[in-house]
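Fold and contact review
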Amino acid sequence: FQPAYDALSEALTAAKDEAGLEYYIVMEGYRSVAQQEELFNAEMEKLSSRYSGNALIEETKKNVNYPGNSDYHTGMSFRMDVYQRDNAALNNLKFQAESEQGAWLTENCWRFGIIFRFPTADFPKGWEDKSYKTGVSAQLNLYRYVGKAHSAAMRVLNLCLEEYIEYLMEHPHIAVFEDGVLRYEIYRQNVGDADPITLELTGKTANYDSSLDNMGGVITVFTY
């Protein structure tokens with residue numbers, strides 16, 4: 001997804017310019033449903049000696065998303081690491097726990113419209129466990145593009161993506177300020193299965209972007 005590619009490029013350029021950090025590598029950025037099915041079935045096979053039926057599926061989902069529900073299908077997510085040819089010391093670092101590159105990206109990615117997708121207990125270091133909401137307990141160096149308005153709001157509110165969608169369902173109109181100046185308005189409309197969808201816009205700015213939230217809503221960001 002081009003905006004995700006552009007946001008990651010912008011973030012990695014900033015890492016080099018601001019902190020002198022290089023050698024990031026995208027380990028994975030897209031999976032088809034067929035690829036996800038392969039991975040899911042392989043994980044299920046591993047766990048089949050301990051679980052069966054629905055319990056087996058639920059345990060498998062803790063490590064591998066159910067086919068059709070993976071972040072990788074969106075084209076907006078990417079799993080990161082570090083790599084430099086013939087540099088074993090760098091290549092063997094744990095991205096979140098040990099590398100400067102991982103620490104910088106996790107701390108700064110929100111500035112570029114990107115979030116760390118699946119926080120678990122102390123992963124990244126010092127972060128709150130959100131696996132009870134995301135349903136993913138595996139330690140994945142996975143980031144997702146959501147747009148600058150949403151990443152800023154999620155940063156301030158300390159919410160993962162699932163919590164953020166729930167928050168917008170309860171608070172459908174929020175504003176994001178930068179240095180006391182209105183930067184974004186975020187507005188959620190409940191549209192259900194409506195087709196076509198009618199958007200409610202504002203005359204205050206012509207700059208807006210809308211997206212479905214897969215929970216029966218359309219979220220529109222107005223940029224000032």
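Presented here is an overview of the structure given in this document. Note that the structure is predicted; figures quoted are calculated from it, not measured. (Residues numbered from 1 in each chain as written. Predicted model: local features only at pLDDT ≥ 70, side-chain atom pairs only at ≥ 80, totals over all residues. Heavy atoms only, no water.)

1. A few points about the sheet that holds strand S7 (residues 208-212)
- Within the open sheet, the four strands sit side by side as S5-S6-S8-S7. Their pairing is antiparallel. The outermost strands of the open sheet, each flanked by one partner alone, are strand S5 (173-178) and S7. Across the sheet, the mean angle separating the axes of adjacent strands is 20 degrees when strand polarity is ignored.
- Its contacts with the sheet place helix H8 (residues 161-170) against S5, strand S6 (181-190) and strand S8 (217-223), and it is angled at close to 80 degrees to S6. (Pairing = 2+ DSSP bridges. Helix = DSSP H or I, 4+ residues; strand = E, 2+ residues; numbered from the N terminus. Axes fitted to C-alpha atoms, helices over the stretch in contact; angles between N-to-C directions. Contact = heavy atoms within 4.5 Å.)

2. Focus: the layout of surface pockets
- Of the volumes computed, that of the largest pocket is approximately 1400 Å³.
- As for the largest pocket, its lining consists of 42 residues, and the residues nearest its centre are Arg144, Leu161, Ile165, Leu212 and Asn214.
- Contributions of two or more residues to the lining of the largest pocket are made by strand S4 (142-145), helix H7 (148-157), H8, S6, S7 and S8.
- Examining the composition of the lining of the largest pocket, we find that five residues originate from one element, H8, more than from any other.
- Considered class by class, the residues forming the lining of the largest pocket number 19 nonpolar, 13 polar and ten charged.
- Taken as a whole, the second largest pocket holds about 390 Å³ of empty space.
- Contributing to the lining of the second largest pocket are 17 residues, with Trp110, Lys148, Ala152, Val176 and Tyr184 lying nearest its centre.
- For the lining of the second largest pocket, the secondary structure elements donating two or more residues are H7, S5 and S6. (1 Å grid on protein atoms, 1.4 Å probe; cavity = no way out; pocket = protein on both sides within 12 Å on 5 of 7 lines; lining within 4 Å. Points joined across faces, edges and corners; volume = space filled by probe spheres on them. Nonpolar A, V, L, I, M, F, W, Y, C, P; charged D, E, K, R; others polar.)

3. Overview of the pairing of S7
- One ladder, built from five bridges, connects S7 with S8; its direction is antiparallel. Across the sheet, the residue bridging to serine 211 is isoleucine 219, located in S8.
- Counting the residues in the hairpin turn of S7 and S8 gives four residues, including asparagine 214, whose phi is positive at 65 degrees.

4. A few points about the pattern of salt bridges
- For the structure shown, the criterion picks out 18 salt bridges.
- We note a salt bridge from glutamate 43 to lysine 46, for which the minimum N-O separation is 3.5 Å. Here glutamate 43 pairs with lysine 46, and both are found in helix H2 (residues 33-47), just three residues apart, close to one helical turn.
- Lysine 46 sits in the exposed class, given a relative accessible area of 60%. (Salt bridge = Lys/Arg side-chain N within 4 Å of Asp/Glu carboxyl O. Buried < 20%, exposed > 50% of the residue type's maximum accessible area, 1.4 Å probe, protein only.)

5. Topic: the side chain of lysine 130
- In this fold, lysine 130 is placed in the loop between strand S3 (114-116) and helix H6 (131-134).
- Not counting residues up to four positions away in its chain, the partners in contact with lysine 130 are Pro119, Thr120, Asn158, Leu159, Cys160 and Glu163.

6. Side note on the side chain of threonine 60
- Mapped onto the secondary structure, threonine 60 falls in helix H3 (residues 53-61).
- For threonine 60, a relative accessible area of 0% puts it in the buried group.

7. Regarding the pairing of S5
- Bridge count for S5 against S6 is six bridges, and the pairing is antiparallel. Following the sheet pairing, histidine 173 is matched in S6 by tyrosine 187.
- What sits between S5 and S6 in their antiparallel hairpin is a turn of two residues, with aspartate 179 showing a positive phi close to 55 degrees.

8. Concerning the packing of aromatic side chains
- One pass over the full model with this rule turns up seven aromatic pairs.
- Geometrically, the ring pair formed by tyrosine 24 and phenylalanine 95 is edge-to-face, given 6.3 Å between the ring centres and 75 degrees between the ring planes. Highlighted residues: tyrosine 24 in strand S1 (residues 24-28) and phenylalanine 95 in the loop between helix H4 (88-91) and helix H5 (100-108), separated in sequence by 71 residues. Comparing tyrosine 24 with phenylalanine 95, the two get one shared label, buried. (Phe/Tyr/Trp six-rings, centres within 6.5 Å; stacked < 30°, edge-to-face > 60°.)

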